Amino acid sequence: MKNSHLLLSIAIVVPTAIIYGSPAILPDHLDIEVQSVDLANMLRAIMCLYLGICGVWIAGVWKSRYWKIATQLNILFMLTLATGRLLSIIIDGIPTGGYVFGIIAEGFIGLFSIYQFRKYVVQSSIF
């Protein structure tokens, strides 16, 4: 249970990263058409950023000494994405269903990660 927030994040973010970095399949999942090399470049950079962050989460699952930093990164990653999506909803309007799911999932995982962090960091500092 200690790693459930990290495993859930990995399970969601890896496929999302691959979709973002694959302009040919992106329109099948989101209402995005990649019309320029610059947009493709930006999306592939985001894909690699997401996969790199997943690498930290995997390290946190694999090696307990990385769990704390992986959880802190998970909190930061999920809640800043949720905040950005919320800001976009306020400014730009309601996006497609995939992004609506995103804000709900990111908010939930971010808050769940805070819960996990408090539960296990406090628990481990007692001993």
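None of these values were measured; they are calculated from a predicted model.

Cut-offs and rules
- Residues numbered from 1 in each chain as written.
- Predicted model: local features only at pLDDT ≥ 70, side-chain atom pairs only at ≥ 80, totals over all residues.
- Heavy atoms only, no water.
- Helix = DSSP H or I, 4+ residues; strand = E, 2+ residues; numbered from the N terminus.
- Contact = heavy atoms within 4.5 Å.
- Areas by Shrake-Rupley, 256 points an atom, 1.4 Å probe, with all protein chains shown as cover.
- Core = buried A, V, L, I, M, F, W, Y, C linked by side-chain atoms within 4.5 Å.
- Buried < 20%, exposed > 50% of the residue type's maximum accessible area, 1.4 Å probe, protein only.

Chemist: Summarise the overall build of the protein chain; cite the residues concerned and give the values.
Modeler: The number of helices and strands found in the protein chain is 5 helices and 0 strands. Reading the protein chain from its N terminus to its C terminus gives the helix and strand order α-α-α-α-α. In terms of principal-axis extent, the alpha carbons of the protein chain reach across some 55 × 30 × 20 Å. Put simply, of all contacts in the protein chain between residues at least 6 apart along the chain, 69% involve residues at least 24 apart. For the protein chain, the accessible area works out to roughly 7,800 Å², and carbon and sulfur atoms hold 69% of it.

Chemist: Tell me about the nonpolar core, and name the residues and values.
Modeler: Core analysis: the largest hydrophobic core is formed by 24 residues, its most contacted members being Val 13, Leu 26, Tyr 50, Trp 57, Phe 77 and Met 78. Put simply, the parts of the chain that give this core at least two residues each are α1 (4-20), α3 (37-62), α4 (67-92) and α5 (97-126). Top element by residues in this core is α3. It accounts for 7 residues. Contact partners of Trp 57, with chain neighbours within four places excluded, come to Leu 6, Ser 9, Ile 10, Val 13, Ala 70, Leu 73, Asn 74, Phe 77 and Met 78.

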